[in-house]
Amino acid sequence: MTTQFGAESFADNPEPRCPCVLVLDTSSSMSGPPIDQLNAGLQVFRSELLTDSLASKRVEVAVIRFGGTAELVSDFTTVETFNPPRLVAAGGTPMGQAIHQAIDAIQRRKEVYRSNGIQYYRPWVFMITDGGPTDEWQSAAQKVKASEAAKSLIFYSVGVEHADFGTLGQFSDRTTPLKLKGLSFGEMFQWLSSSLKSASASKPGENMSLANPTGPKGWGEVVV
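Remember, it's a predicted structure, so these values are computed and weren't measured experimentally.

The helix and strand tally for the chain stands at six helices and nine strands. Expected size for 224 residues packed as a compact globule is a radius of gyration near 17 Å; at 16 Å, the chain falls within 12% of this value. In terms of its C-alpha atoms, the chain occupies a principal-axis envelope of roughly 45 × 35 × 30 Å. Expressed as a percentage of the 224 residues in the chain, the buried residues total 51%. Expressed as a percentage of contacts within the chain between residues at least 6 apart in sequence, the contacts between residues at least 24 apart total 76%. Accessible surface, the chain as shown: approximately 9800 Å² in total, 48% of it carbon and sulfur. Computed over 20 positive and 23 negative side-chain charges, the separation of the two mean positions in the chain equals 6 Å.

For the rest of this paragraph, the subject is the environment of L49. Here L49 is to be found in helix 1 (residues 33–50). C-alpha separation for the pair L49 and L192, spaced 143 residues apart in sequence, amounts to 9.3 Å. Look past the residues within four positions of L49 in its chain and what remains in contact with it is A55, S56, V59, V79, S193, L196 and K197.

Once that is clear, we can look at the environment of D36. Assignment of secondary structure puts D36 in helix 1. With 141 residues separating them in the primary sequence, D36 and P177 have C-alpha atoms 22 Å apart.

For helix 4 (residues 138–149), with 12 residues, the first-to-last C-alpha span of 17 Å sits near the 16 Å given by 1.5 Å per residue. All buried positions along helix 4 are accounted for by A140, A141, V144, S147 and E148. For helix 4, the buried positions fall inside an angular range of 125° around the axis, keeping them on one side. Away from its buried face, by an angle of more than 90 degrees, helix 4 presents the exposed residues Q142 and A149. The elements touched by buried residues of helix 4 are helix 3 (95–115) and strand 7 (154–160).

This part is about the pattern of salt bridges. Counted according to the given criterion, the structure contains six salt bridges. Among the ionic pairs, R17 bridges to E60, the shortest N-O distance being 3.0 Å. You can see R17 sitting in the loop between strand 2 (8–9) and strand 3 (18–25) and its partner E60 sitting in strand 4 (residues 59–67), a full 43 residues away along the chain. Considered together, R17 and E60 belong to a single accessibility category, that of buried residues.

On to the sheet that holds strand 5 (residues 69–78), then. Picture the strands of a sheet paired through backbone hydrogen bonds; they go either parallel or antiparallel. Read from one edge of the open sheet, seven strands run 5-4-3-6-7-8-9, paired in mixed fashion. In this open sheet, the two edge strands, each paired with only one partner strand, are strand 5 and strand 9 (220–222). Geometrically, the sheet is characterised by an average inter-axis angle of 25° between neighbouring strands, direction not taken into account. In the sheet, strand 7 pairs with strand 8 (residues 178–180) via three bridges, with the strands oriented parallel.

Criteria and cut-off values
- Residues numbered from 1 in each chain as written.
- Predicted model: local features only at pLDDT ≥ 70, side-chain atom pairs only at ≥ 80, totals over all residues.
- Heavy atoms only, no water.
- Helix = DSSP H or I, 4+ residues; strand = E, 2+ residues; numbered from the N terminus.
- Rg over C-alpha atoms; globule rule 2.2 N^0.38 Å.
- Buried < 20%, exposed > 50% of the residue type's maximum accessible area, 1.4 Å probe, protein only.
- Contact = heavy atoms within 4.5 Å.
- Areas by Shrake-Rupley, 256 points an atom, 1.4 Å probe, with all protein chains shown as cover.
- Lys, Arg positive; Asp, Glu negative; His and termini not counted.
- Charge placed at Lys NZ, Arg CZ, Asp CG, Glu CD.
- Expected span 1.5 Å × (residues − 1).
- Arc of directions from axis to C-beta.
- Salt bridge = Lys/Arg side-chain N within 4 Å of Asp/Glu carboxyl O.
- Pairing = 2+ DSSP bridges.
- Axes fitted to C-alpha atoms, helices over the stretch in contact; angles between N-to-C directions.

Here it is in structure tokens:
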């Protein structure tokens, strides 16, 4: 029995899957241009991935927003059936809760892949925030680090303007949080889509190199 998702089944599309969870800050401090640019960036992300026929079959996207509460607003689906949610800014920043939800969603999706005989790449968790957590986050950070050590996910964090980079740096032992240059969400999502295209074109478990997001024409910078 195949598991349905979106408008297709694994029987129709047995390609290996490259899952990516977008963990997006929608707290009240994101109001105005930041949330508008984030929403526009999601549209860029989908459009860019759709230009690659292989990535559109292999990359699966889920979205968790955290503002007031953390919520899975779009469960895993291939890009062809991914409809970017319209995000609204409100509330605090329950980052720890959102990360726990992301890791739980990945675990559930892996179980679905296994039960349907579908190969998969190491999942990505890609978090964007303009602040710091307003909930208990230490256990979430420990869970990310343990998952990285077990090679069960890849974690990236991006800080917007006044993000708490000291805290963000404690979520991963393997990646450094990057600061978004201005509100370059479009460029950032272009980089992410390009990186996922490269990942989905490789063999599961194969090492790959990604374009440097902090170069002269990049969208990010390292906070020192």
